[in-house]
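Descriptive structure summary
If you want the building blocks of each chain, they are given just below.
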Amino acid sequence: MSDTTPAPQQWSPTHGDPYRPTPYRPERIAPGTSLAHAARLRRRMDERRTVRAFSPDPVPEQVLRDAIACAATAPSGAHQQPWTFVLVKDPEVRRHIREAAEHEEKLSYDGRLGEEWLAALRPLGTDEVKAHMTDAPALIVVFQQRYWLGEDGTKRKHYYVDESVGIAVGMLLTALHLSGLAALIHTPSPMRFLGEVLGRPENEKAFAVIPVGHPADDCEVPDLVRKSLDQVLVEI
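Presented here is a report on the structure given in the accompanying data block.

Rules of the game
Residues numbered from 1 in each chain as written. Predicted model: local features only at pLDDT ≥ 70, side-chain atom pairs only at ≥ 80, totals over all residues. Heavy atoms only, no water. Helix = DSSP H or I, 4+ residues; strand = E, 2+ residues; numbered from the N terminus. Expected span 1.5 Å × (residues − 1). Buried < 20%, exposed > 50% of the residue type's maximum accessible area, 1.4 Å probe, protein only. Contact = heavy atoms within 4.5 Å. Pairing = 2+ DSSP bridges. Axes fitted to C-alpha atoms, helices over the stretch in contact; angles between N-to-C directions. Patch = residues over 30% accessible without salt bridge, like charges linked within 9 Å, V, L, I, M, F, W, Y side chains within 5 Å. Areas by Shrake-Rupley, 256 points an atom, 1.4 Å probe, with all protein chains shown as cover. Salt bridge = Lys/Arg side-chain N within 4 Å of Asp/Glu carboxyl O. Lys, Arg positive; Asp, Glu negative; His and termini not counted. Charge placed at Lys NZ, Arg CZ, Asp CG, Glu CD.

1. With respect to helix α6 (residues 161-178)
Here α6 is 18 residues long and its end C-alpha atoms lie 26 Å apart, about the 26 Å a rise of 1.5 Å per residue gives. Val161, Ser164, Val165, Ala168, Val169, Leu172, Leu173, Ala175, Leu176 and His177 are the residues of α6 that are buried. Looking at the buried residues of α6, the elements they touch are α1 (31-46), α2 (61-71), β1 (83-88), β2 (138-145), β5 (182-183) and β6 (204-213). Of the residues trailing α6, Gly180 is marked for its positive phi of about 90°.

2. Things to note about the sheet that holds β1
Working definition: the strands of a sheet are paired by backbone hydrogen bonds and lie parallel or antiparallel to each other. In space, the four strands of this open sheet follow the order β1-β2-β6-β5, with antiparallel pairing throughout. The open sheet has two free edges, formed respectively by β1 and β5, since each of these has just one partner strand. Across the face of the sheet, α2 comes into contact with β1, β2 and β6 while running at roughly 170° to β1.

3. Focus: a negative patch on the surface
On the surface, a cluster of negative charge is made up of Asp57, Asp217, Asp218 and Glu220. Tracing the sequence through the fold places Asp57 in the loop between α1 and α2.

4. Details of the pattern of salt bridges
A side chain with one charge may pair with a side chain of the opposite charge, provided their charged atoms come close. By the definition in use, this model includes 13 salt bridges. One salt bridge in this structure joins Glu61 and Lys89, with 3.0 Å as the shortest N-O distance. Taken together, the residues span a long stretch of sequence, with Glu61 in helix α2 and Lys89 in the loop between β1 and α3 (91-112) at a distance of 28 residues. For Glu61, a relative accessible area of 33% gives the class partly exposed. Judged by relative accessible area, Lys89 falls into the partly exposed class, the value being 35%. When the shortest N-O distance is used, the salt bridge between Arg112 and Glu104 registers 3.1 Å. You can call Glu104 buried: its relative accessible area is 14%. Linked through salt bridges whose partners overlap, the residues forming this network are Glu61, Arg65 and Lys89.

5. Considering a nonpolar patch on the surface
Nonpolar side chains collect at one region of the surface, where Leu229, Val232 and Leu233 lie side by side and expose about 260 Å² of accessible area between them. Here Leu233 lies in the segment after α8 (229-232).

This is the structure in structure tokens:
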């Protein structure tokens with residue numbers, strides 16, 4: 001950043017501030033260019049797969065930071081941005097997370113899930129072993145901020161937290177995939193241990209654990225078929 005480049009504005013709480021509009025005039029893309037961009041994006045995203053077999057090869061940390069920065073541009077209820085992304089690279093911390101997750105998963109697969117849920121999972125070939133937690137070179141643990149917590153202990157309710165964080169995670173997966181990386185959404189239940197292991201404050205609740213890296217050389221994925229566009233789109 002040069003001496004003449006203004007420093008980016010630092011976010012601060014705006015609760016109760018008056019409405020202050022600012023002009024928004026993005027460049028309009030020509031229809032032909034827009035069609036080409038959309039078709040390429042559709043092809044690229046159709047290549048995305050959830051991966052459970054990761055290579056331990058390192059990935060550029062800046063790619064992960066940029067993907068998280070993309071996720072943090074997601075829309076949110078009242079623009080409260082109720083998310084925290086914890087990037088975990090330390091092997092010992094990842095091992096601890098894996099052990100705790102596998103403990104909960106074993107209880108689930110041994111009966112806590114129920115047969116209907118286990119039947120739904122069966123085509124995916126999953127079980128309580130979560131090697132991806134330690135094989136992948138990094139984990140991104142996403143927390144939802146259930147309320148804003150000020151340094152003085154002040155609390156303010158956040159709105160549409162699940163929806164906001166869910167959108168951000170979707171954008172994170174998209175950014176990771178378009179950057180050439182593979183990822184997996186893992187939601188051990190219960191997830192309280194994640195806040196304890198990572199030392200998160202009381203207003204944060206774990207939302208998902210996302211192993212990130214390159215697929216292993218012998219990686220395999222379930223032979224699945226996505227719904228076609230006419231099965232998910234209704235035009236009126």
